[in-house]
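# Coordinates in review
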Amino acid sequence: MNFWFKEKNTDGYQVKWKISKILHNEKTPYQELAVVNTLEWGKALILDGALQVSEKDEFIYHEMIVHVPMFSHPAPRNVLIIGGGDGGTLRELCKHPELQKVDMVEIDERVVAASKKYLPSISSAFGDTRVNLYFQDGIEFVKKAGKYDLVIVDSSDPVGPAQQLFTREFYSNIYNCLNDDGMIVVQSESPVFYQEVFRSVYQNIKAVFPRTMVYLAYVPTYVSGPWSFTIGSKVYDPREYKGGSNAGFDLKYYNGKVHQAAFALPEFIQDMIQA
Ligand code: SAM
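Definitions and limits used
Residues numbered from 1 in each chain as written. Predicted model: local features only at pLDDT ≥ 70, side-chain atom pairs only at ≥ 80, totals over all residues. Heavy atoms only, no water. Domains from an automatic or database assignment. Contact = heavy atoms within 4.5 Å. Buried area = accessible area lost by both parts, 1.4 Å probe. Salt bridge = Lys/Arg side-chain N within 4 Å of Asp/Glu carboxyl O. Axes fitted to C-alpha atoms, helices over the stretch in contact; angles between N-to-C directions. Helix = DSSP H or I, 4+ residues; strand = E, 2+ residues; numbered from the N terminus. Parallel < 35°, antiparallel > 145°, perpendicular 65-115°, else oblique. Left-handed = near helix turned anticlockwise from the far one by under 90°. Nonpolar A, V, L, I, M, F, W, Y, C, P; charged D, E, K, R; others polar. Core = buried A, V, L, I, M, F, W, Y, C linked by side-chain atoms within 4.5 Å. Buried < 20%, exposed > 50% of the residue type's maximum accessible area, 1.4 Å probe, protein only. Pairing = 2+ DSSP bridges.

Splitting the protein by domain gives domain 1 (3-53) and domain 2 (58-238 + 257-274). Look at where the C-alpha atoms of domain 1 and domain 2 centre, and you get two points 22 Å apart. Domain 1 puts 20 residues into the contact, and the matching count from domain 2 is 23 residues. Summed over both partners, the interface of domain 1 with domain 2 comes to about 2000 Å²; 66% of that surface belongs to carbon and sulfur atoms. One can count 1 salt bridge joining domain 1 with domain 2.

Structure follows, in structure tokens:
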């Protein structure tokens, strides 16, 4: 069997991947979930028609959403992940020996179950003894949670259950459940294709946190061009890399030079957040 999966990004742009097999397909209480075998990118997880992770390039997104904040905070011991059901963010986080506790709040337990079954190289850290997994809505969880050094919002696009994960109120609740020197990092979408979302995430985090910075990475299976991440920090400058040689870490994309270079923004992106 060979056919094409099409992801519609805007009314005038779509991307398609050749699929050799549908491994899993179900309608969960929250979204439509599929795991497929692609010809080019290995196995991929798709939610509501949007590709979330592919085996071949997931390391770029997961290393960048985790190690940039983890290596700019001097002592991140207690971390909260919102979303991230495939487990890639958790896998990268658990590489840090100083980490003592991770709470992970994923709304849809079927995403975790499917990732454990079909994507073992991505979901490999769910058994780590430092991890507490909650199947709850992250929006409600942060209203009464605390205290963390870092909160990572590894959400799907701002539709369906993830919509409220892009609001000022949500970031403000996260501010309250962070320690006095805490940080938040969020995936803030494509600054080329989803300019309004990108801009509003920046403005909303900036309204709450004293330091707000954007950094970029290039993830081939995420629409096209750069992908953005936005950090809000109470104290530390996220551009400052504190990771030494990061010897002993098994990494394929991230290092100290990439950390610093990722904060260099092209003029048009700089203009977008200054406007
Ligand atoms: N890296 C991916 C990307 O940007 O395409 C997203 C990773 S992960 C699969 C996103 C997860 O966020 C999904 O598993 C989804 O169920 C979860 N999610 C969406 N809304 C949520 C909410 N309100 N609370 C907790 N998790 C949520």
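One way to put it is that helix H6 (residues 195-206) packs onto helix H8 (residues 267-274) with a least axis distance of 9 Å and a crossing angle of 55 degrees. Our classification of the angle between H6 and H8 gives oblique. Relative to H8, H6 is oriented so that their crossing is right-handed. Contacts between H6 and H8 involve Gln 195, Phe 198, Arg 199, Tyr 202 and Gln 203 on the former and, on the latter, Ile 269, Met 272 and Ile 273. A breakdown of the residues in the contact of H6 with H8 according to their chemical character gives 5 nonpolar, 2 polar and 1 charged.

In terms of nonpolar packing, the biggest core is built from 50 residues, with Met 64, Leu 90, Leu 93, Ile 152, Val 185, Tyr 215 and Phe 229 touching the most fellow members. Element by element, the count of residues in this core is highest for helix H1 (residues 58-70), at 8 residues. Once you skip the residues sitting within four places of it in the chain, Met 64 turns out to touch Pro 69, Tyr 215, Leu 216, Ala 217, Phe 229, Tyr 253, Tyr 254, Val 258 and Ala 262. Grouped together as the second largest cluster of nonpolar side chains are 24 residues, Val 105, Phe 166, Cys 177 and Val 186 included.

Here the focus is the sheet that holds strand S6 (residues 78-83). Spatially, 7 strands are ordered S8-S7-S6-S9-S10-S12-S11 in an open sheet, and the strand pairing comes out mixed. Of all strands in the sheet, those with a lone pairing partner are strand S8 (131-134) and strand S11 (211-217), marking the two edges. Across the sheet, the axes of successive neighbouring strands diverge by a mean angle of 15 degrees, strand direction being ignored. Across the sheet, H1 lies against S6, strand S9 (148-154), strand S10 (178-187), S11 and strand S12 (227-233), angled at about 160 degrees from S9, the strand it touches most.

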